[in-house]
Amino acid sequence: MAWVQGARAQDAVVPVCFNYGCASQQDVQVGLKELERVRARLLMAGDAEAEREALADIVGQLYGLAGRQTPVNADRAGNYLDFAVEGRMDCIDHSTTTTRWLQLLVQHGMLRFHRVLEPARRTRWVLQHFGAVIEEIEPPPGLRPEPTVPDHVPLMLALCDCAEVLDDIPALPPLASSRPGERYVVDSWFVDNGEAAIVLPLANWLDGEGPNVQ
């Protein structure tokens, strides 16, 4: 696994990469209160889109926590604003660490609409860039409401062999923005330490989308 448990079962210790290419790593303690705060935020997300919005904020908050325990508080967007500074992070540091943050949430059963994949790589000319990736999944059955059965349907089924009356039960609409299989990049390299990560459809990210930080 990408992290080890802390002294208390509810806590976690996550290794954070910095100084480019994971040249340095330092453990960050994520305590019970922080984990419960994250859980509460994710429980407020009623669909996949809302969960992605929450993840952007949560990843930023976890980096902010890391910045209080390690030199990564000096990290700035891109690779030039913090050049040669202790605690700087390139896209390898970010994609590796962000994936670890996301795996932490999976370990604690907090993600309901996404699973975590291996980081993606995009290549433009001679430049390479890496980003953490999540994939939307089918929402848990318990999140879907039960269909409303009109009062006459049970009566008609009891009185006659008329299965066509089942057509009177309205179909449930899909959950808002539900697109199982769609992949997204969670990219914290684009922002300063502690700011919300940028979440983009993987296809758009591969095409070069994202803030211009060069």
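Just above, that's the structure.
This section reports on the structure supplied with the text.

**Re the overall build of the protein chain**
Counting secondary structure elements, the protein chain contains five helices and seven strands. Listing the helices and strands of the protein chain from first to last along the sequence gives β-β-β-α-α-α-β-β-α-β-β-α. Residues counted as buried form 43% of the 214 residues belonging to the protein chain. For the protein chain, the share of sequence-separated contacts (at least 6 apart) that also reach a separation of at least 24 residues comes to 61%. Only carbon and sulfur atoms are counted for the fraction: they give 55% of the accessible area of the protein chain, which is about 11200 Å².

**Notes on the packing of helix α2 (residues 48-67) against helix α3 (residues 91-107)**
Viewed as axis vectors pointing N to C, α2 and α3 meet at an angle of 110 degrees, and their least axial separation amounts to 11 Å. Classified by the interaxial angle, the pair formed by α2 and α3 is roughly perpendicular. Facing Leu-55, Ile-58, Val-59, Leu-62, Tyr-63 and Ala-66 of α2, the residues of α3 in contact are Asp-93, His-94, Thr-97, Thr-98, Trp-101, Leu-102 and Leu-105. Across the contact of α2 with α3, the residue classes break down as nine nonpolar, three polar and one charged.

**Focus on helix α1 (residues 32-43)**
If you check α1, its first and last C-alpha atoms are 16 Å apart, about what 12 residues at 1.5 Å a residue would give, namely 16 Å. Within the sequence span of α1, burial applies to Glu-34, Leu-35, Val-38 and Leu-42. Viewed along the axis of α1, the buried residues span an arc of 100 degrees, placing them on a single side of the element. Exposed and facing more than 90 degrees away from the buried side of α1 are Lys-33 and Leu-43.

**Points about the state of the cysteines**
Using the criterion set out here, one finds one disulfide in the structure. The partner cysteine of Cys-17 in its disulfide is Cys-22, sulfur to sulfur 2.1 Å. With the S-S bond torsion at 90 degrees, the cross-link from Cys-17 to Cys-22 turns out right-handed.

**Section: the sheet that holds strand β4 (residues 114-124)**
A sheet is described by the order of its strands in space; here four strands give the open sequence β4-β5-β6-β7, paired in antiparallel fashion. Bordering the open sheet on either side are β4 and β7 (198-201), each of which pairs with just one other strand. Sheet twist, expressed as the mean angle between neighbouring strand axes with direction ignored, is 35 degrees. In terms of strand pairing, β4 meets strand β5 (residues 127-136) through nine bridges, oriented antiparallel. Of the residues in β5, the one forming a bridge with Arg-121 is Phe-130. On top of the sheet, α2 reaches β4, β5, β6 (183-187) and β7; it is set at about 130 degrees to β5, its chief contact.

The rules we used
Residues numbered from 1 in each chain as written. Predicted model: local features only at pLDDT ≥ 70, side-chain atom pairs only at ≥ 80, totals over all residues. Heavy atoms only, no water. Helix = DSSP H or I, 4+ residues; strand = E, 2+ residues; numbered from the N terminus. Buried < 20%, exposed > 50% of the residue type's maximum accessible area, 1.4 Å probe, protein only. Contact = heavy atoms within 4.5 Å. Areas by Shrake-Rupley, 256 points an atom, 1.4 Å probe, with all protein chains shown as cover. Axes fitted to C-alpha atoms, helices over the stretch in contact; angles between N-to-C directions. Parallel < 35°, antiparallel > 145°, perpendicular 65-115°, else oblique. Nonpolar A, V, L, I, M, F, W, Y, C, P; charged D, E, K, R; others polar. Expected span 1.5 Å × (residues − 1). Arc of directions from axis to C-beta. Disulfide = S-S within 2.5 Å. Pairing = 2+ DSSP bridges.

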